[in-house]
Amino acid sequence: MTAELDWEPIRALGQRVIERGEPLELSDEVRALLQRSAEEVALSPEDVASALRSVPTATTLLEEITRRIREGSDRFWNAELRASDLQDAGDLDGAGRLMEEVLAVEVVPHYRRIAESQLRKVTRLKSVAASGQADPKLSVREQIPVLLHRVQQGHPLELNEGMRAFLRRSAADVGMSEAETEPALATPESAGALLGQIMGRYRDASDRLKSAMYRMTELRDAGDLEGARQQIRAWLAVEVVPRYRRAAEENLAGLDEPPPAP
């Protein structure tokens, strides 16, 4: 996604015209928005020029643009969620196939680019799985389950300085202290157990996030802002992973703002 890509205006126009039934006004600003957005979802200039000749055809163009954005988003993020689960389970081939399936049908360049990026990432993760060595270009979170699966398959960690440094970063990422981490770096067996502890913290934190956000959203949308705040406070009271604590603090601060319009 480039810095200039912003689909909020076209989504807002689609909500007004398609969902609420407001008439489309073909002002110069709206024409420019439709033309730019159509290009971003890979509609041909000829088709766009033809569609902009009348309000009915421009409305159809708007419907097609928003449909491509919506379906592309749903397709990619559904695949990404499933691919993440497969990666955590050690099935990198399955994760890669999901991205290939997206690319087989996706026409929107933005979603194609991020699917291609994810596919390249899976290829790098396969190298991690084959070598047992961490990749500095990949996130800690992505590599932990791959290395843990390798250990569980009977391949002990090679405790070189690079691997020790990686494990220290990984442990710090889930809020483990140096006193907890350093003894585990003595042997491949204890380091493998540390990998399991780190992965467990990631999973627990992710589960807490999903649960708290679901309850918070329900309460907020029902108008119970104090109840929503209490859900986030309860989450903060037990959360130890720094990145998830930051997410909780940001959501708590956000509850002081009015809820988004329906």
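Because the structure is predicted, anything quoted here is derived from the model rather than measured. (Residues numbered from 1 in each chain as written. Predicted model: local features only at pLDDT ≥ 70, side-chain atom pairs only at ≥ 80, totals over all residues. Heavy atoms only, no water.)

Student: Any chance you could explain the layout of surface pockets here in plain terms?
Tutor: Regions of empty space are outlined by a rolling probe, equal in size to a water molecule, passed over the atoms. A volume near 550 Å³ is recorded for the largest pocket. Lining the largest pocket are 21 residues, with S84, D85, D88, R141 and S206 sitting closest to its centre. Put simply, the parts of the chain that give the lining of the largest pocket at least two residues each are α4 (55-88), α6 (109-131), α7 (140-152), α10 (188-221) and α12 (242-254). In terms of residue count, α4 provides more of the lining of the largest pocket than any other element does, 8 residues in total. Along the lines of polarity and charge, the residues of the lining of the largest pocket split into 6 nonpolar, 5 polar and 10 charged. Together, 13 residues line the second largest pocket, and R11, Q15, E19, T66 and R70 are the ones closest to its centre. Broken down by secondary-structure element, the contributors of at least two residues to the lining of the second largest pocket are α1 (8-19) and α4. Looking at the lining of the second largest pocket element by element, the count peaks at 7 residues for α1. Among the residues making up the lining of the second largest pocket, the classes are represented as 3 nonpolar, 4 polar and 6 charged. (1 Å grid on protein atoms, 1.4 Å probe; cavity = no way out; pocket = protein on both sides within 12 Å on 5 of 7 lines; lining within 4 Å. Points joined across faces, edges and corners; volume = space filled by probe spheres on them. Helix = DSSP H or I, 4+ residues; strand = E, 2+ residues; numbered from the N terminus. Nonpolar A, V, L, I, M, F, W, Y, C, P; charged D, E, K, R; others polar.)

Student: How do you make sense of the confidence of the model for the protein when you look at a structure like this?
Tutor: The predicted coordinates of low-pLDDT regions are not to be read in fine detail. When pLDDT is averaged across the protein, the result is 91; 96% of the residues are at 70 or more. Low pLDDT, under 50, characterises residues 258-262; the stretch is placed with 3 contacts to residues that sit more than four places away or in other chains. (pLDDT = per-residue confidence, 0-100. Contact = heavy atoms within 4.5 Å.)

Student: Please explain the side chain of E40 as it appears in this structure.
Tutor: Considering the arrangement of structural elements, one finds E40 in helix α2 (residues 28-40). Buried charge without a salt bridge: E40, with R36 as the nearest opposite-charge side chain at an N-O distance of 4.2 Å. A distance of 2.9 Å separates the side chain of E40 from the side chain of W7, its partner in a polar contact. For E40, the residues in contact, after removing those within four places along its chain, are L5, W7, V108 and P109. (Buried < 20%, exposed > 50% of the residue type's maximum accessible area, 1.4 Å probe, protein only. Lys, Arg positive; Asp, Glu negative; His and termini not counted. Salt bridge = Lys/Arg side-chain N within 4 Å of Asp/Glu carboxyl O. Polar contact = N/O pair within 3.5 Å; in protein donor to acceptor, adjacent residues only side chain to side chain.)

Student: So what exactly am I meant to see when it comes to the packing of aromatic side chains here?
Tutor: Each aromatic ring pair is described using two quantities: the centre-to-centre distance and the angle formed by the ring planes. For the coordinates displayed, the defined rule picks out 2 aromatic pairs. Centre to centre, the rings of W7 and Y111 are 5.7 Å apart; their planes meet at 45 degrees, and the pair counts as tilted. With W7 in the segment before α1 and Y111 in helix α6, the pair connects residues that are 104 residues apart, well separated along the chain. The burial state of W7 is the same as that of Y111; both residues are buried. Centre to centre, the rings of F76 and W77 are 4.8 Å apart; their planes meet at 80 degrees, and the pair counts as edge-to-face. Residue class for F76 comes out buried when judged on its relative accessible area of 3%. Residue class for W77 comes out partly exposed when judged on its relative accessible area of 46%. (Phe/Tyr/Trp six-rings, centres within 6.5 Å; stacked < 30°, edge-to-face > 60°.)

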